[in-house]
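# Structural features, examined
Each chain is listed here by its residues.
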Amino acid sequence: MGIQHKIGGCFRPPEKNYRFFLDCNYEWITFNVYADEPSWFMMLIWDSSGVLRLQYLYGKAPNTVVIHNDKNMTSAAALPGKIPAGEWRIEVSGIGKDSSFNFCINIEGGFGKIKNLEQPQLIGDDLWATYEPNMELFIINNYDWDKKYNQNKGWYKGDFHTHTNISDGKLTPHELLEQAKKQNLDFFVTTEHNIIHTGFPKSNILVIPGIEITDLKGHFNAIGIKKWIDWTYDSEDGGIYTESGMNRVLSEAGTACAIRSINHPNLAPWSWEFKETLLENIDTIEIWNDPTFPGNNFMATQQALELWDVLWRDGYNIWGIGGSDAHNFPSERYDGSELPSIIGDPGTFVFSDSLCATSILKAVSMGRIYVSRGPIMEITIKVGDYVLYPGCDLTDIIGIGAKQIYYKIKVNKFYKGCTVVWIENRVIVEKQEFLESCEILRCFLWKGKTYKWLRVEIRDRNNRLLAFVNPIYKGTRNHKIVTWGQLIETSGGIKVD
Ligand SMILES: [Zn+2]
């Protein structure tokens, strides 16, 4: 007993809905997908109760996907649980495509053993979400945000931008975890293109749910996302295909508790081109994207740093993070790179109360972050008896008087010829070379409540970036720029504070 349906034909992007009917509550349902235009053919499958049950990008993932009553038999990025009878909907989209192509989806539903099923890629044993009656569209309802992988307060190494074969990466989730272990990561955020994982293989590395909202005009990460957000063309405002839709998606990601990070803002052709984006909807910027990628030359990162400085100049306390954005096998190299594109390069280090998702996300929202391709730092910031961290607001500590700030950077080994660069209000105020010691100390006076900020970089003898630390600051400034378009204009036009 069972059902079979076939959907397909010639599809013209951006988006189309197809429907099929289930005559009873089946135990499982399978979808076998083929498209003659492999890149960016995506399907979202909605059950008869309006819940999103499967997110699928054609290409790297297996061609057959399963939704099952049993979580142990359900494919990655699918929602296991009851399969309700009634009319289901398949929403297909071809992001970035304007020419039509052919596709075919064979649907089967049944009970008992699934026949002729090649090994599906399963969710993994750490289940983050499962179907509930009367569920919203899709929520991460089974993830333990407070599970502590380490009880201690300290710096934890992570990666805020990763991919697997569930979108367009080459490694499986399991293989990515293996690489993360080799790279000494404590945590990473999973950010597939327009897909939220419904679980992950268990390991001793903290994996935080996220999504890379992806359109031709730009990509942003929603880090720590707790529910699905309607980014589709079908939504009333056109979703990520329109300026107003993207602002709405950014805003809803904030409401869904996510940290919103603009990815590779200056990396053409994936630079952020949504000019009407409200800067108030941005929490962090990916200053340092995959340093081994040929397009990510010195300039793309340098321009991102400049953009970031302009934001700070205008009073935006937006934090800088890094992301490997790695898609490849560790045996591969991009042209001209000696090193592989790999998870954890660069590493983003977060000073957190413990190693759990809640604490890491909180620490990121406070700017307790540095990003590094090498130096592992101990950062000591003191004002009188106060012990402070990057990202700190010193307004109340300094008050109306003047206070001496003691800022020490100690690195894990001797970085001969490397320089610590101190940048205050966009101006380099001092450069200090590591001469014989692994420590650099700078003491300086800050007075009163006037807006001021200071950030630190470490550069090698060829002036290449090795690490950067998030600013400390005092005071506030009323914003003059409101949108991303104004930011781009301003950062091109103004060079001196
Ligand atoms: Zn990416």
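Let me sum up the structure you'll find in this document. Computed from a predicted structure; not experimentally measured. (Residues numbered from 1 in each chain as written. Predicted model: local features only at pLDDT ≥ 70, side-chain atom pairs only at ≥ 80, totals over all residues. Heavy atoms only, no water.)

What follows covers the pattern of salt bridges. Across all of its chains, the model carries 20 salt bridges by this definition. Two residues, Arg89 and Asp234, come together in a salt bridge whose shortest N-O distance is 3.9 Å. Linking Arg89 in strand β7 (residues 86–94) with Asp234 in the loop between β14 (218–223) and α2 (243–255), this pair joins segments that are 145 residues apart in sequence. For Glu332, the salt bridge is made with Lys170, and the minimal N-O distance between the two is 2.8 Å. One end of the pair, Glu332, is in the loop between β17 (319–323) and β18 (347–352); the other, Lys170, is in the loop between β10 (154–159) and α1 (173–182), and 162 residues separate them in sequence. Look at Glu332 and you get partly exposed, because its relative accessible area is 25%. Among the charged side chains, a salt-bridge network with shared partners connects Asp309, Arg455, Glu457 and Arg459. (Salt bridge = Lys/Arg side-chain N within 4 Å of Asp/Glu carboxyl O. Helix = DSSP H or I, 4+ residues; strand = E, 2+ residues; numbered from the N terminus. Buried < 20%, exposed > 50% of the residue type's maximum accessible area, 1.4 Å probe, protein only.)

Take the coordination of the zinc ion next. Protein coordination at the zinc ion: the donors are His161 (NE2), His163 (NE2), Glu212 (OE) and Asp325 (OD), at 2.0 to 2.3 Å from the metal. Angles of 81 to 170° at the metal separate the four donor atoms of the zinc ion, which places the site in the irregular class. Taken in sequence order, the residues that donate to the zinc ion follow the motif H-x1-H-x48-E-x112-D. Neither residue differs from the other here; His161 and His163 are each classed as buried. (Donors = N, O, S within 2.8 Å, 3.2 Å for Na, K, Ca; no water. Tetrahedral: all angles 85-135°; square planar, octahedral: opposite > 155°, others 65-115°.)

All told, the structure shown has four cavities of 30 Å³ or more when counted by the stated rule. The space that makes up the largest cavity amounts to roughly 70 Å³. Around the largest cavity, the lining residues are Gln55, Tyr56, Leu57, Ala61, Pro62, Thr64, Val65, Ser75, Ala76, Ala77, Gln121 and Ile166. Listed by contribution, the elements that provide at least two residues to the lining of the largest cavity are β5 (52–57) and β6 (64–68). The element contributing the most residues to the lining of the largest cavity is β5, with three residues. Looking at the lining of the largest cavity, its residues break down into eight nonpolar, four polar and no charged. (1 Å grid on protein atoms, 1.4 Å probe; cavity = no way out; pocket = protein on both sides within 12 Å on 5 of 7 lines; lining within 4 Å. Points joined across faces, edges and corners; volume = space filled by probe spheres on them. Nonpolar A, V, L, I, M, F, W, Y, C, P; charged D, E, K, R; others polar.)

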